[in-house]
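A look at the structure
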Amino acid sequence: MSRYRVTCIPGDGIGPEIMAAAKVVIAAAGVDIEWIDVEAGAEVMDKYGTPLPEAVLESIRETRVALKGPITTPVGSGFRSVNVGLRKELDLYANLRPAVSIPGVKSRFENVDLVVVRENTEDLYAGVEHRVGADAAESIKIITRQGSERIARFAFEYARREGRRKVTAVHKANIMKLTDGLFLEVAGEVASEYPDIGFEDRIVDNMCMQLVQKPEQYDVLLCPNLYGDILSDLCAGLVGGLGVAPGANIGAEAAVFEPVHGSAPKYAGLDKADPTALILSAVLMLRHLGEGAAARAVYQAVCNVIREGRQVTYDLGGTAGTREMGEAIAREVARLLTDQSAGGG
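Residues numbered from 1 in each chain as written. Predicted model: local features only at pLDDT ≥ 70, side-chain atom pairs only at ≥ 80, totals over all residues. Heavy atoms only, no water.

Turning our attention to the pattern of salt bridges. Per the counting criterion, the structure on display carries 31 salt bridges. Among the ionic pairs, Glu185 bridges to Arg145, the shortest N-O distance being 3.0 Å. Note that Glu185 is positioned in helix α6 (residues 179-191) and Arg145 in helix α5 (residues 145-161), a separation of 40 residues in sequence. By relative accessible area, which is 41% here, Glu185 ends up partly exposed. The salt bridge involving Glu149 is made with Arg153; its shortest N-O contact spans 3.1 Å. Separated by four residues within a single helix, Glu149 and Arg153 lie in helix α5, roughly one turn from each other. (Salt bridge = Lys/Arg side-chain N within 4 Å of Asp/Glu carboxyl O. Helix = DSSP H or I, 4+ residues; strand = E, 2+ residues; numbered from the N terminus. Buried < 20%, exposed > 50% of the residue type's maximum accessible area, 1.4 Å probe, protein only.)

As structure tokens, this is what we get:
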């Protein structure tokens, strides 16, 4: 059995509690992980003078994989956010945000199964902006051929590997003919190399309408940074909200897996927070590590516990605490793996 070294960033607020639950679940899946715990976030500012100490980056560069809890970025820090800092320093160019319906999670929609693939390093989020005199400001939208090509290739490779049928490029090339035009042009060039995967494009405002009218018609959404940020939250809303939305930031040399909800400091230490999003992010991590059987068991266990509805947190209609829900999922993982082993599968 392989042994993995994984950087663990518990985060702050509810982060340590949901991280503890996630670790219990992963242990039940039988994956041998040596956790390298490091500190980041608002609570370490006094200690290190920054919410993202260099030791965190060094650890992720060494292990190449990290599981991260939610982090509060203090106002006035050197980074726009710790998340942006991690993506920039480690060149985590691909943001992966699945949005999949889970029976038992209250939502206006059923049978949604979407993945947003968001470019993570350029566009308006490159942060190249300045004041123009006293009464105006300017932000520069940067789209490069290299950045567009690698995120498009990531989307098509992901679609092929996961058995997905179609990639939809999202843009505003009718207005931003040079920047979004380049993104769309490159996406089309990459698409020609994947004849087994369908390809289409949608203007971003139309894409928003389409997603709330007929989300079942879409599969993998390939987006520049800003549109991807917006659409990934919209897609999370289709399946019940950020509490059940996993995320991953992936580059050539490292990958960081994290929920996308906030640190909810007012709930810190109360054993009330829903650990689902972090546990589902761990599912993405297990897949990344090549532990497919463990990933499938954890995902199915989450679905089973939520569908049953007895040992879930308040936001899912139950009365269980964070720890109790994590332990329930862990027991279900163990049961599924035992049944699988007994069945010879």
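Okay, back to it.
Next up on the list: the environment of Val302. Here Val302 shows up in helix α10 (residues 292-308). In this structure, the C-alpha to C-alpha distance between Val302 and Val190, residues 112 residues apart in sequence, is 36 Å. Not counting chain neighbours up to four residues away, the residues in contact with Val302 comprise Thr276, Ile279, Leu280 and Ile329. (Contact = heavy atoms within 4.5 Å.)

This part takes up the environment of Ala268. Residue position: Ala268 is located in the loop between β12 (255-259) and α9 (276-288). Once residues lying within four places of it in the same chain are set aside, the contact partners of Ala268 are Gly13, Ile14 and Glu17.

In this section: the nonpolar core. Residues Leu211, Leu221, Leu222, Met285, Val298 and Ile329 are the most contacted members of the largest nonpolar core, which totals 89 residues. Considering every element that reaches this core, the biggest residue donor is α10, with nine residues. Ile9, Ala40, Ile60 and Leu90 belong to the second largest nonpolar core, which has 15 residues in total. (Core = buried A, V, L, I, M, F, W, Y, C linked by side-chain atoms within 4.5 Å.)

The mixed open sheet is built from ten strands, whose spatial order is β2-β1-β3-β12-β11-β4-β5-β10-β8-β9. At either margin of the open sheet sits one strand with a lone partner, and together these are β2 (32-37) and β9 (198-203). Strand-to-strand twist across the sheet, computed as the mean angle between neighbouring axes with direction ignored, equals 25°. With five bridges joining them, strand β11 (residues 246-250) and β12 adopt antiparallel strand pairing. For Ile250, the partnering residue across the bridge sits in β12 and is Ala255. Packed onto the sheet, helix α7 (residues 204-213) meets β5 (113-119), β8 (166-171), β9 and β10 (220-223) and runs at close to 105° relative to β9. Of the strands in this sheet, β1 (3-9), β2, β3 (65-68), β4 (94-100), β11 and β12 are in contact with α9, which crosses β12 at around 155°. (Pairing = 2+ DSSP bridges. Axes fitted to C-alpha atoms, helices over the stretch in contact; angles between N-to-C directions.)

Moving on, we get to the layout of surface pockets. In this model, the largest pocket occupies a volume close to 330 Å³. Lining the largest pocket are 19 residues, with Asn83, Arg87, Arg118, Asp229 and Val260 positioned closest to its centre. Of all elements in the fold, only α4 (82-90), β4, α8 (225-238) and β12 reach the threshold of two or more residues within the lining of the largest pocket. Considering every element that reaches the lining of the largest pocket, the biggest residue donor is α4, with three residues. In the lining of the largest pocket, the residues fall into seven nonpolar, five polar and seven charged. Computed from the structure, the second largest pocket encloses a volume of approximately 260 Å³. Around the second largest pocket, the lining is made up of 16 residues, and of these Pro98, Val100, Arg164, Arg287 and Tyr299 lie nearest the centre. Elements with a contribution of two residues or more to the lining of the second largest pocket: β4, β5 and α9. Element by element, the count of residues in the lining of the second largest pocket is highest for α9, at four residues. In terms of residue class, the lining of the second largest pocket is built from twelve nonpolar, no polar and four charged. (1 Å grid on protein atoms, 1.4 Å probe; cavity = no way out; pocket = protein on both sides within 12 Å on 5 of 7 lines; lining within 4 Å. Points joined across faces, edges and corners; volume = space filled by probe spheres on them. Nonpolar A, V, L, I, M, F, W, Y, C, P; charged D, E, K, R; others polar.)

What follows concerns empty space enclosed by the protein. Applying the stated rule across the entire model yields one cavity of 30 Å³ or more. The volume enclosed by the largest cavity comes to roughly 30 Å³. Forming the boundary of the largest cavity are Lys68, Asn83, Leu86, Arg87, Leu92, Asn249, Val256 and Glu258. Of all the elements in the fold, those that place two or more residues in the lining of the largest cavity are α4 and β12. Element by element, the count of residues in the lining of the largest cavity is highest for α4, at three residues. Classifying every residue of the lining of the largest cavity by side-chain character gives three nonpolar, two polar and three charged.

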